[in-house]
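What follows is each chain in one-letter form.
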Amino acid sequence: LSSQSDPYLKGLNAPQRQAVLTTEGPVLMLAGAGTGKTAALTARLAHLIASRRAWPSEVLAVTFTNKAAREMRHRVERMIGDAVEGMPWLGTFHSVAARMLRSHAELVGLKPNFSILDTDDQLRLLKQIINAANIDEKRWPARLLAGLIDKWKNRGWTPADLSLDESHAYADGRGQEMYRAYQDRLKTLNAADFGDLLLHMLVIFRTHREVLEGYQARFKYLMVDEYQDTNTSQYLWLRLLAQTRKNICVVGDDDQSIYSWRGAEVANILRFEKDFPGATVIRLEQNYRSTPHILGAASGMIANNGGRLGKTLWTEREAGEKVRVMGVWDGPEEARFVGERIEAHIAGGGRAEDCAILVRAQFQTREFEDRFISIGLPYRIVGGFRFYERAEIRDALAYLRVVAQPDDDLAFERIINTPKRGLGDKAVQKVHALARATGTGLLTAAARIVDSDELTPQARRSLGNLVADLARWRSNADTLPHPDLARLLLEESGYVAMLQADRSAEATGRLENLNEFARAMEEFENLSAFLDHVALVMDNDADDSASKVTILTIHAAKGLEFDTVFLAGWEEGVFPSQRSLDEGGNASLEEERRLAYVAITRARRQAWIMHAANRRIYGQWTSSIPSRFIAELPAEHVEVETSMSGGASLWRSQFSEQPDPFAHAGRGAGRGPGWQRASGGGFNRASGTRIIEAKASAVSLGSKGRDDVAVGDRVF
Ligand code: ATP
Ligand code: MG
């Protein structure tokens, strides 16, 4: 039915063709970055449909993001034109499972129109349940429970499946009870959370064989991209669906497994051959994406990980440029440098959309966003909110706006009960009513209502405290530098404490963002200049057609590629993250290294690895040590530059008030998630006599060379 001349086979190499044409039986495509795994999977989908082996509705293809699913659909349509009648089941695990669950919702006590809760809804619900159970939420935060429930669901466990040990992870053994109460509550609300989408289907498959058999009969072919990042419940779900026909093709790269913190099990890909005996294993070795230097740098670095399958990668592309390692003075200079490079690229006829900035942590985007706004360089943030649009930043801004401008009702509404201070909707409505009746702002009305007996004593006390706090902060505003004011009010309002009580990874990120927020303020003369700046930044979304630079986290960059990538903040404590260093142990460090591998291999032509000598972290200037991953890059693929003359030692002696760069080695260890109100921090920016643009190679990064890295990565 198909011939070598079919359009979707054009341009594929021999193993890729094999992956496309081996339609029957299990297939594992295990190959390194940029070797055309996704391309082959796409061609395979086109082939299955065009050769009429299956109707679109009989194929299930799972991608890691919705965007990847859309792209795959467009490509298939381009390959086979009108032949796509009907819709393949093409989407993320979540979207595919949601589509299935709509047809069988009643089997788990839901109606077909059930709603899907987001994280915020989920937390609100959990808080209610925790309070109703008389559990101290300060000790046992809702986020902790949310994280546990998520983990349990990722493993395919219903409340009944929990072990005693697991149950003990929350409120002295009440984990199971809370999980069950939450599931019951979801049922009454006719709602499901993300984890439920798959878990409910698993339960249905177990309890209603006929439903499972229906899908087993329907799906003639299954395909999964990024298989190395599947979690247990996804794995179980796939295995059930593939059980009878065994026409399942999965593709992945063990070196790119970067979601273990969300329950992904790289073991799933490693045991595929055991699960499906006789599987055809296809290895792709030719990389079509990157230049030899980029590949060589990435391969040399990842060779430092243990327990790898090991892969051969080669490319026919021209050597191109070496990976540039660029040392800069500090964060703002990093952003300035990258901005200049991109402007030069555009001036030379290049496109902004071919450039990307990859960061390890969300907070790192801020510096770039501010810089790009001020030079008018269009950018977009993928897979997250722009810095000033994030919830915690909007909250912090709202506090400052009320301090700066007491009539700012919108801002006041946002903070009146954030963090929770026991003001119910009723109390808030009364404030609104009084404001309307008297024609005043909300804050004025609040101050008045506190003196009346309209509110419950508890509401009166809380509101009274808030009004008094705001008045005090306003008077502080005259004396305190505005960044310190921000730190003070975030702390005194209980906002920081709220996040600190929360032990999730997400909360750490939010605290980092707040630190970065206070840091950002330092670049402005006063509070109102800063607030004006933010208002302008928020308004900068006008032209959607313009070619834009992409700023994204490495996690969000999986599967994507760009001509030029700037890898920002390769410093110990940023990347690898402080969290991974604090945890000690090899596992989290190896996951960071895989992230670094994903990061470098996004680049087609050019990769810049940036590291700054100074960062303001946790409210203090600290000298930074270049990331260990830089030292692991084979010297022959790297060119080291710095925008300063002299090396780190020179900077140290010039600015003796600078803390010893090694003093922060234990930074964060034993402390809560990063937050510190400490102001000052020795370095006086004005006194720095920096020599910029004087290229020097004095910074010795050291390289382990190629000899002590494991074999298995042959690179040309
Ligand atoms: P990752 O591991 O990062 O997800 P991948 O293995 O999925 O990478 P693809 O994204 O499919 O790789 O392909 C990388 C690049 O190589 C793409 O630009 C793709 O168009 C191109 N490519 C893939 N196969 C071929 C081929 N046979 N000939 C030429 N170019 C190819
Ligand atoms: Mg891919």
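The protein chain is annotated in an unreviewed UniProt entry as DNA 3'-5' helicase from Tardibacter chloracetimidivorans. Of the comments in the UniProt record for the protein chain, the one headed Function (unreviewed entry) reads "Has both ATPase and helicase activities. Unwinds DNA duplexes with 3' to 5' polarity with respect to the bound strand and initiates unwinding most effectively when a single-stranded region is present. Involved in the post-incision events of nucleotide excision repair and methyl-directed mismatch repair." As stated in UniProt under Sequence similarities (unreviewed entry), the record for the protein chain gives "Belongs to the helicase family. UvrD subfamily."

**Q** Outline the site of ligand 1, listing residues and values.
**A** G36, K37, T38, A39 and Y288 are the nearest of the 18 residues found near ligand 1. In the shell around ligand 1, the residues fall into five nonpolar, nine polar and four charged.

**Q** For the UniProt feature "binding site: ATP" (unreviewed entry) in the protein chain, give the residues involved together with the corresponding values.
**A** According to UniProt, the positions carrying the feature "binding site: ATP" (unreviewed entry) are A31, G32, A33, G34, T35, G36, K37 and T38. Relative to the helices and strands, A33 resides in the loop between strand 1 (27-30) and helix 2 (37-50). A33 gets classed as buried once you count the C-beta atoms within 10 Å, which come to 26. Beyond its immediate stretch of four places on either side in the chain, A33 contacts D253, Q256 and T601. Mapping T35 onto the fold places it in the loop between strand 1 and helix 2. Judged by the 27 C-beta atoms lying within 10 Å of it, T35 is buried. Sequence-distant contacts of T35, defined by excluding residues within four places in its chain, comprise L284, E285, Q286 and N287.

**Q** Any details on the sheet that holds strand 8 (residues 280-282)? Residues and values, ideally.
**A** Strand order in the open sheet formed by six strands is 3-2-6-7-1-8, and the pairing between neighbours is parallel. Bordering the open sheet on either side are strand 3 (89-91) and strand 8, each of which pairs with just one other strand. Across the sheet, the axes of successive neighbouring strands diverge by a mean angle of 10 degrees, strand direction being ignored. Inspection of the sheet shows strand 1 paired to strand 8 by three bridges, in the parallel sense.

**Q** Give a detailed account of the environment of E491, specifying residues and quantitative values.
**A** Mapped onto the secondary structure, E491 falls in helix 22 (residues 482-492). Using a count of 15 C-beta atoms within 10 Å as the deciding quantity, one classes E491 as partly exposed.

**Q** Please provide a residue-by-residue account of the nonpolar core, values included.
**A** Counting 85 residues, the largest nonpolar core has M29, L45, A97, L145, M201, L222 and M223 as the members making the most contacts within it. With nine residues, helix 2 is the largest single contributor of residues to this core. Those residues within four positions of M201 in sequence are excluded, and the remaining contacts are A97, M100, L101 and W237. Membership of the second largest hydrophobic core comes to 61 residues, among which are A303, I357, A361 and F566.

**Q** Would you mind going over helix 9 (residues 194-207) in detail, with residue names and values included?
**A** Helix length check: helix 9 (14 residues) gives 21 Å between terminal C-alpha atoms against 20 Å at 1.5 Å per residue, within 8%. Burial runs high along helix 9: 10 of the 14 residues are buried. Three or more residues of helix 9 are buried, namely G195, D196, L197, L198, L199, H200, M201, L202, I204 and F205. On its buried side, helix 9 packs onto helix 4 (93-104), helix 6 (142-154), strand 5 (191-192), helix 10 (209-218) and helix 11 (232-242).

**Q** So, the packing of helix 14 (residues 292-302) against helix 27 (residues 586-600): which residues are in play, and what are the values?
**A** Orientation of helix 14 relative to helix 27, taken along the N-to-C sense of each, is 175 degrees, at an axis distance of 9 Å. In terms of axis orientation, helix 14 runs roughly antiparallel to helix 27. Along the contact surface, helix 14 presents I294, A297, A298, M301 and I302, while helix 27 presents R593, A596, Y597 and I600. Residue composition of the contact of helix 14 with helix 27, grouped by class: eight nonpolar, no polar and one charged.

**Q** Describe the pairing of strand 12 (residues 549-553), naming the residues involved and giving the relevant values.
**A** Strand 12 sits mainly inside the fold: five of its five residues count as buried. Relative to strand 12, strand 10 (residues 355-359) runs parallel, the two sharing four bridges. Across the sheet, residue V359 finds its bridge partner in strand 12, namely T553. Across four bridges, the pairing between strand 11 (residues 379-382) and strand 12 is parallel. Paired with Y379 across the two strands is V549, which belongs to strand 12.

**Q** Account for the packing of helix 9 against helix 11, with residues named and values stated.
**A** With their axes 10 Å apart at the nearest point, helix 9 and helix 11 run at an angle of 40 degrees to one another. Relative to helix 11, the element helix 9 is oriented oblique. Every pair of crossing elements has a handedness; the one defined by helix 9 and helix 11 is left-handed. Contacts between helix 9 and helix 11 involve L198, L199, M201, L202 and F205 from the first element and S233, Q234, L236, W237 and L240 from the second. Among the residues forming the contact of helix 9 with helix 11, the class breakdown is eight nonpolar, two polar and no charged.

**Q** If you had to explain the confidence of the model for the protein chain to someone new, which residues and values would you point to?
**A** Low pLDDT means the predicted atomic positions in that stretch should not be read closely. Looking at the protein chain, pLDDT values average 84 and 86% of them are 70 or higher. In this model, residues 646-674 is a region of pLDDT below 50 whose contacts with residues beyond four sequence positions or in other chains number 45 contacts. Listed scores for the predicted complex are pTM 0.77 and ipTM 0.99.

Rules of the game
Residues numbered from 1 in each chain as written. Chains lettered and ligands numbered in written order. Predicted model: local features only at pLDDT ≥ 70, side-chain atom pairs only at ≥ 80, totals over all residues. UniProt positions renumbered as here; feature names shortened; annotations may be inferred. Near = placed C-beta within 6 Å. Nonpolar A, V, L, I, M, F, W, Y, C, P; charged D, E, K, R; others polar. Helix = DSSP H or I, 4+ residues; strand = E, 2+ residues; numbered from the N terminus. Buried ≥ 20, exposed ≤ 12 C-beta atoms within 10 Å, placed from the backbone. Contact = placed C-beta atoms within 7 Å. Pairing = 2+ DSSP bridges. Axes fitted to C-alpha atoms, helices over the stretch in contact; angles between N-to-C directions. Core = buried A, V, L, I, M, F, W, Y, C linked by C-beta atoms within 7 Å. Expected span 1.5 Å × (residues − 1). Parallel < 35°, antiparallel > 145°, perpendicular 65-115°, else oblique. Left-handed = near helix turned anticlockwise from the far one by under 90°. pLDDT = per-residue confidence, 0-100.

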